[in-house]
Amino acid sequence: MFGDYSLSDLGAIFAMQGFAGLILFSVYVLMALGLAIIFGQMGVINMAHGEFMILGAYVTWMTSSAFQQYLPSLFPGYFFLAMSLAFIASGALGMLVEWALIRHLYKRPLDTLLATWGLSLILQQAYRSVFGAREVGVELPEWMMGSWQATDAIQIPINGMFVMGLTVLITIVVAYVLFWSRWGRQVRAVVQNRVMAGAVGINTEKVDRYTFGLGCGIAGIAGSAFTMIGSTGPTAGQLYIVDTFLVVVFGGAASLVGTIASAFTISQAQSTMEFFLSGSMAKVLTLLAIVAILMVRPQGLFALKVRK
Amino acid sequence: MSDEQKPGLRSPLRRKLLMGMAALPAISMLPRASFAEAPATSAVNTTGLAVTDSEVTVGILHSVTGTMAISETGSVEAEKLAIEQINAAGGVLGRKIKFIQEDGASDWPTFAEKAKKLLVNDKCAAVMGCWTSASRKAVLPVFEQYNGMLYYPTFYEGLEQSKNVIYTGQEATQQIIAGLDWVNKTKGAKTFYLLGSDYIWPRTSNKIARKHIEGHLAGAKIVGEEYFPLGHTQFNSVINKIKLTKPDVIYAIIVGGSNVAFYKQLKAAGIDLSKQTLLTISVTEDEIDGIGGENIAGAYACMKYFQSLDNPNNKAFVSAFKKMWGEKTVIGDVTQAAYLGPWLWKLTVEKAGSFDIDKVAAASPGVEFKGAPEGNVRIHENHHLWSKTRVGRAKADGQYELIYETADLVEPDPFPKGYQ
């Protein structure tokens, strides 16, 4: 297929293709991070993850509309405020859900699957009733649209680079919070041994609530960022949920490094194959490969070594 | 002061003319007014449908919950508007239309179940409904078994014809061939890149497009054809492939949430639709609402109706629609086709002089609706509509600007020879 093209053409395409892979990688990491915290650290199978993302997207849409109407001069910068609001909104809803629903189910992790699935249906219908069944269009400030002309032939989407930067930032923050902060130590202590952690004076309920809130909040940020590349509608969260679980499970549920490694593997495989084969075929092959690898390594790529 | 004193009315001829004009509206009411009473129920309803002396019941069957609610909401709104207008104009054979709405919930077995309910329990004289081909395929056996009448609004892949269905949207050849001819002639397009979501409608449509491009357009060829799972949100790889192959035309039949992702990423990747020709048959004004006009401005769409069509019927329709459903609502191709359903049914019933399904089905061919927002339409022997095909260009405000329309109504051909 490459016979007819000049070397510089091909070089440019491969450079852009490399970036396409990296952008996909960032998207996967961003959507999986929140779930990795909730599923990985707490063992809660949160089927409503996508809906928490979409809440962030709707918050972004509302912020954007508000800015257009009342503060058009500040419109170019609204996205940063929108992301913070998305974090707060999704995080708050997450804590509420944890208090009302999830905390009663910690001893029955499989039931969280059903409960959160029900929650996702409720949220979808709530969005539909509040915002209408049709998709909403989030308007972006001018500087975030279009592409950066690296050379004559190489164009890199600006919103893609924005997502990449955001992903790096959030990953660093999450890693810091979980591994170096006092609160992160408490989280890990609760994960490893809830009774013992309680015995040494950690308020386990509070830790649970904040952990769940943090995971949902990050989902909100992801949803906010994805308004740049995807759609915002009541059921748009469903578009992400399968890929998200794929990344987390493939990486090894309890490992942040695993999540990142698996996002990298899946995204590169997917985007490379999509280039040489067709979209549907690439998806089939990726899924087949993942199934095969999980059969050999059911615990995922990276797994915590625990005594059994 | 009496009218006689006005100088303008002194001439006897003018007075006669004026009186004649004043009587005009009354003439249009004659068929109903002159018989005073509506025809007896026993005469117009011999098969036990839900028709009384003053009312007739029809069903509305769309998804108002689930994924498809995004698309089907507009159809429901249009059908309710049409029913309201018909009732305001005196109803059908002197009977007001009462509707029963059921929710298909984006789930095909539910559609079949609700269709059965509407036909068997409610004895609806007609049903306006369905959107996806999957839902239509699910209800088709129900309508055929219990002998109902379905008015189906969506443009679709064709390859179907039933006594019990009137297809008010375009079938594939009507939508595809004229558009390809147009882009080939006016843009000199020779190379095409076909894209689609991975299910029956885009695949069948692209198959027809391929046959037409390779068989009927001199020197034209296809440089790529690709499908994506429904809900796919990452298009960067295929955009790179498009950049590499530099097609004259990107032919896109992507639907749902993927649509939004595709156009946003196309724009972000630096593909300028004012220079790169893109022709789609799946983006109506409804979809642009979600995509954002600035992301798709410059793209061409080929269908039969745009909200911006400049004719009196359409202006009245648009303003009535906005009055009923809000200033901000937009009207896409399918919404307009859904609006045709109740009207075509009314005209057919009045032509047949009966609500009986068999008589309505038999009377359908040849029924003309001159008041359609898209302009005159006529039902074909094969129960599809003769209608014009139009090409519009998307503008940043989310509306299409009409670029081209076929001179005559295009004949529907659900089983196109040489295209299968």
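So, here's what we can say about the structure. The written sequence of each chain sets the order in which its residues are numbered from 1. A letter from A marks each chain and a number from 1 marks each ligand, given out in the order of writing. Since the coordinates come from a predicted model, pLDDT governs what is reported: local features require at least 70, and pairs of side-chain atoms require 80 or more to be given and counted, while whole-chain, interface and lining totals use all residues.

**Thoughts on the overall build of chain B**
Condition: We count a stretch as a helix when DSSP gives it H or I for four or more residues in a row; a strand needs E for two or more, and each element gets its number in order from the N terminus. The atom set for the radius of gyration is the C-alpha atoms, and the globule formula is 2.2 Å times the number of residues raised to the power 0.38. Here exposure depends only on C-beta density: within 10 Å of a residue's C-beta, 20 or more other C-beta atoms make it buried, 12 or fewer make it exposed, and intermediate numbers make it partly exposed, the C-beta atoms being placed from the backbone. Residues are treated as contacting if the C-beta atoms built from their backbones sit within 7 Å of each other.
In terms of helices and strands, chain B carries 15 helices and 15 strands. Taking 22 Å as the expected radius of gyration for a compact globule of 420 residues, we find that chain B reaches 23 Å, a close match to that expectation. The principal-axis extents of the C-alpha atoms in chain B amount to approximately 80 × 60 × 40 Å. For chain B, the proportion of its 420 residues judged to be buried stands at 53%. Considering only contacts within chain B whose residues lie at least 6 apart along the sequence, 71% involve residues at least 24 apart.

**Some points on the packing of helix α7 (residues 172–186) of chain B against helix α8 (residues 200–216) of chain B**
Residue and element names in this part refer to chain B. This is how it is decided: Angles here are taken between N-to-C directions and fall from 0 to 180 degrees, while the axes themselves are lines fitted to C-alpha atoms, restricted in helices to the stretch in contact. Should an angle fall under 35 degrees it is called roughly parallel, over 145 degrees roughly antiparallel, and 65 to 115 degrees roughly perpendicular, with every other angle called oblique. Should the near helix be turned anticlockwise from the far one by less than a right angle, the crossing is left-handed, and should it be turned clockwise, the crossing is right-handed. Side-chain classes are defined by residue name, with Ala, Val, Leu, Ile, Met, Phe, Trp, Tyr, Cys and Pro counting as nonpolar, Asp, Glu, Lys and Arg as charged, and the others, Gly among them, as polar.
Contact geometry of α7 with α8 gives a least axis separation of 10 Å together with a crossing angle of 40°. With respect to their mutual orientation, α7 and α8 come out oblique. Where α7 crosses over α8, the handedness of that crossing is right-handed. Here Ala172, Thr173, Ile176, Ile177 and Leu180 of α7 come into contact with α8, specifically with Thr204, Ser205, Ile208, Ala209, His212 and Ile213. Across the contact of α7 with α8, the residue classes break down as seven nonpolar, four polar and no charged.

**Considerations on the sheet that holds strand β11 (residues 368–369) of chain B**
Residue and element names in this part refer to chain B. Operational definition: In this description, strands pair whenever DSSP reports at least two bridges between them.
The strand order across the open sheet built from three strands is β11-β12-β13, with neighbouring strands paired in antiparallel fashion. Strands with a single pairing partner mark the edges of an open sheet, and in this sheet they are β11 and β13 (385–386). Where strand β12 (residues 377–379) lies against β13, two bridges are found, and the strand directions are antiparallel. Pairing of Ile379 across the sheet is with Leu385, part of β13.

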